[in-house]
Amino acid sequence: MKALIVVDIQNDFCEGGSLEVKNSNEIIPVTNKLIDYFYRNNLLVIGTKDWHPSNHKSFAINSGGNIGEIGILNNLPQIWWPQHCVQNSFGSEFHSDLIEIKNIIYKGTDPEIDSYSGFFDNGKLKKTDLFHLLKTHNITELFILGLATDYCVKYTVLDALDLKFKVNVIEDACRGVNLSSDDSKLAFDEMKQKGAHIIKSEDLI
């Protein structure tokens, strides 16, 4: 069975958000087409959400660092981010143009460690409900898209591969942060090297 995973298309990552991903709104129409396709074929659609408490220590304002700099959090290298996707805030909501997604996985809820992947926190100390949900529905193949290519999409894909799913990344429905200009390209290269199939939406719909 197949499932679509929509990664973090939340207001704070979309255009005008506190951690805006450039050209992020461009992926919403194609994402909606894919969501509709999966719903029409009675296939599972799952959305992930960053869901941070306001005191999350990855936020520069809480760490004492400067936005974009790298420090250490829970013995792991950590980029200090602007405050984003605070629980129950407008910024944490899915973009209003996105078709409703009923199955939601929340990540980044522990203030002591960041969580890019939809499956685990960055130190793999805790897991989300995503793996259990997929197994409950007998899912073996994933189609993954969203924000951002070089962080939450990439780490969700790499964990899914480690968990032995067949993984497809929908390239035209992803956008990256690109702290360095080639970060998204490098992310796609790494995902492909580890075994993911990089496809276009037109390959499905």
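Rules behind the numbers
- Residues numbered from 1 in each chain as written.
- Predicted model: local features only at pLDDT ≥ 70, side-chain atom pairs only at ≥ 80, totals over all residues.
- Heavy atoms only, no water.
- Core = buried A, V, L, I, M, F, W, Y, C linked by side-chain atoms within 4.5 Å.
- Buried < 20%, exposed > 50% of the residue type's maximum accessible area, 1.4 Å probe, protein only.
- Helix = DSSP H or I, 4+ residues; strand = E, 2+ residues; numbered from the N terminus.
- Contact = heavy atoms within 4.5 Å.
- Polar contact = N/O pair within 3.5 Å; in protein donor to acceptor, adjacent residues only side chain to side chain.

What follows covers the nonpolar core. Leu4, Leu134 and Leu142 are the most contacted members of the largest nonpolar core, which totals 59 residues. For this core, the secondary structure elements donating two or more residues are β1 (2-7), α1 (27-40), β2 (44-50), α3 (130-136), β6 (141-147), α4 (149-162), β7 (166-175) and α5 (183-193). In terms of residue count, the dominant contributor to this core is α4 (7 residues). Contact partners of leucine 134, with chain neighbours within four places excluded, come to Ala3, Leu44, Ile46, Phe119, Ile139, Leu142 and Phe165.

With respect to the helices and strands, the residue aspartate 50 is situated in strand β2. With a relative accessible area of 3%, aspartate 50 lands in the buried category. For the pair aspartate 50 and leucine 130, spaced 80 residues apart in sequence, the C-alpha separation works out to 14 Å. Apart from the residues lying within four places of it in its own chain, the contact partners of aspartate 50 are Asp8, Gln10, Phe13, His84, Cys85, Ser92, Lys107, Ser115 and Cys152. Among the polar contacts listed, one links the side chain of aspartate 50 to the side chain of histidine 52, at a separation of 3.2 Å. In this structure the side chain of aspartate 50 is engaged in a polar contact, spanning 2.6 Å, whose partner is the side chain of lysine 107.

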